[in-house]
Amino acid sequence: MPGGGRTPDAAVLRLRPRLPSPLREVTDERFARHGVRLLLKRDDLIHPELIGNKWRKLAPNLRAAAGRTLLTFGGAYSNHLRATAAAGRLLGLDTVGVVRGQELADRPLNPSLARCAADGMRLHFVDRSTYRRVAEPEVLAGVLRAADAEDAYVVPEGGSNSLAVHGCHALGEELRGRADVVAAACGTGGTLAGLAAGLAPDQRALGVAALKGDFLAGETAALQTLAFGGRRGTWSVDTRFHFGGYARTSDELEDFARDFESRHALPVERLYVAKLLYALVALTEEGAFPRGTTLAAVITGTPFPSA
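Quick caveat: nothing in here was measured; it's all calculated off a predicted structure.

## Comments concerning the state of the cysteines
Moving on, step 1. A full pass over the atoms with the stated rule returns zero disulfides.
Moving on, step 2. Unpaired in this structure, Cys-116 has its nearest cysteine sulfur neighbour in Cys-168, at a distance of 20 Å.
Moving on, step 3. Judged by relative accessible area, Cys-116 falls into the buried class, the value being 0%.
Moving on, step 4. With relative accessibility at 0%, the residue Cys-168 sits in the buried group.

Right, dumping it as structure tokens:
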């Protein structure tokens with residue numbers, strides 16, 4: 001039961017993550033006809049509830065929390081909130097989720113937030129203006145007071161802090177020598193920051209933005225500076241494939257995801273992974289990857305609710 005649990009290394013490791021995550025090649029003529037090999041890095045198989053980059057980001061923060069209440073932030077469909085809530089249930093930790101959108105407080109919980117609540121997470125809704133400013137110390141202190149969580153261990157939105165970046169460094173290390181280009185969907189930049197730093201010098205990382213805006217390159221660079229003291233690795237961000245922004249999809253993307261699932265027996269998460277895979281097909285068609293390129297796509301999550 002949540003409340004006062006301890007999370008030393010041994011406790012976190014008792015969750016039995018599957019590491020390194022599997023790497024498998026798939027045959028897809030959309031890549032093969034351009035001389036590109038496609039590998040899928042199955043981070044979605046690390047843990048059934050702390051999936052993909054969520055495990056890599058959360059594990060070091062769970063250790064640092066050392067049993068304290070864990071408070072973090074996210075939107076109404078946040079994969080990170082769900083993973084944090086699940087970690088709290090599994091490890092006996094109290095969790096608080098600060099949710100963007102005060103107007104949601106009086107509405108029925110959507111399936112994502114309902115799962116958080118069922119896992120014991122206490123939800124605290126804030127207005128969007130306040131949410132945008134939670135990085136400011138005075139605003140954060142006010143949110144913690146209002147949530148009755150002043151002593152909580154705070155993890156930022158998406159789980160992206162210096163500990164998380166170091167956690168994602170292992171993803172790059174697992175892929176050293178296995179691909180020329182490693183691509184991952186990006187929401188806050190933490191996975192890309194660690195991935196790029198962990199790759200070998202002759203490899204490059206590509207982030208596909210799942211959100212609208214040109215902020216991710218700056219956020220990724222800032223996270224690398226925080227974690228490593230400066231920019232690390234060769235990496236870039238493509239911002240063209242967000243399909244309207246956070247939690248937005250389209251009929252075209254839905255059709256693409258279903259087709260990819262049928263081709264490769266892979267459940268495709270729609271808000272991040274589908275955008276990544278769509279982008280890689282489009283970039284390959286554009287000639288972005290020379291013939292002979294081995295391309296690895298990091299599969300960071302699974303559909304919710306289950307497809």
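Let's pick the thread back up.
## Focus: the pattern of salt bridges
Moving on, step 1. Enumeration according to the criterion identifies 21 salt bridges in this entry.
Moving on, step 2. Where Glu-174 meets Lys-41, a salt bridge forms, and the shortest distance between an N and an O atom there is 2.7 Å. Here the residue Glu-174 occupies a position in helix 8 (residues 162-174), and Lys-41 occupies one in strand 2 (residues 37-41), the gap between them amounting to 133 residues.
Moving on, step 3. A residue is classified by how much of its surface remains accessible, and Lys-41, at 2% relative accessible area, is buried.
Moving on, step 4. With a shortest N-O distance of 2.9 Å, Arg-270 and Glu-261 are connected by a salt bridge. There is no split in this pair, since Arg-270 and Glu-261 are both buried.

## Structural notes on helix 7 (residues 137-146)
Moving on, step 1. Taken as a whole, helix 7 has its buried residues at Val-139, Val-143 and Leu-144. Each buried residue of helix 7 sits inside an arc of 135° when the element is viewed along its axis, so together they form one side. Opposite its buried face, helix 7 presents the exposed residues Pro-137, Glu-138 and Arg-145, each directed more than 90 degrees away.
Moving on, step 2. Once helix 7 finishes, Asp-148 follows within two positions and takes phi at roughly 55°, a positive value.

## A look at the side chain of His-264
Moving on, step 1. Positionally, His-264 belongs in helix 11 (residues 251-264).
Moving on, step 2. Residue contacts for His-264: discarding those within four places in its chain leaves Arg-24, Val-26, Thr-27 and Asp-28.

## Quick look at the pairing of strand 5 (residues 122-126)
Moving on, step 1. Where burial is concerned, most of strand 5 is hidden: four out of the five residues are buried.
Moving on, step 2. As paired strands, strand 4 (residues 95-100) and strand 5 are joined by five bridges and run parallel to one another. Bridging from a neighbouring strand, Val-96 pairs with Arg-122 of strand 5.
Moving on, step 3. Remark: the strand 4/helix 5 (residues 111-118)/strand 5 crossover connection has right-handed handedness.

## Side note on the packing of helix 8 against helix 10 (residues 216-228)
Moving on, step 1. One way to put it is that helix 8 packs onto helix 10 with a least axis distance of 9 Å and a crossing angle of 90°. With respect to helix 10, the axis of helix 8 lies roughly perpendicular. Every residue of helix 10 that contacts helix 8 at Ser-162, Val-165, His-166 and His-169 is listed here: Leu-223, Leu-226, Ala-227 and Phe-228.
Moving on, step 2. Its residues placed into classes, the contact of helix 8 with helix 10 shows five nonpolar, three polar and no charged.

## Notes on the packing of aromatic side chains
Moving on, step 1. Going through the model one piece at a time under the given rule, you end up with five aromatic pairs.
Moving on, step 2. Centre to centre, the rings of Phe-256 and Tyr-278 are 5.3 Å apart; their planes meet at 75°, and the pair counts as edge-to-face. Taken together, the residues span a long stretch of sequence, with Phe-256 in helix 11 and Tyr-278 in helix 12 (residues 273-286) at a distance of 22 residues. Comparing Phe-256 with Tyr-278, the two get one shared label, buried.

Rules behind the numbers
Residues numbered from 1 in each chain as written. Predicted model: local features only at pLDDT ≥ 70, side-chain atom pairs only at ≥ 80, totals over all residues. Heavy atoms only, no water. Disulfide = S-S within 2.5 Å. Buried < 20%, exposed > 50% of the residue type's maximum accessible area, 1.4 Å probe, protein only. Salt bridge = Lys/Arg side-chain N within 4 Å of Asp/Glu carboxyl O. Helix = DSSP H or I, 4+ residues; strand = E, 2+ residues; numbered from the N terminus. Arc of directions from axis to C-beta. Contact = heavy atoms within 4.5 Å. Pairing = 2+ DSSP bridges. Right-handed = clockwise from strand over helix to strand, strands pointing away. Axes fitted to C-alpha atoms, helices over the stretch in contact; angles between N-to-C directions. Parallel < 35°, antiparallel > 145°, perpendicular 65-115°, else oblique. Nonpolar A, V, L, I, M, F, W, Y, C, P; charged D, E, K, R; others polar. Phe/Tyr/Trp six-rings, centres within 6.5 Å; stacked < 30°, edge-to-face > 60°.

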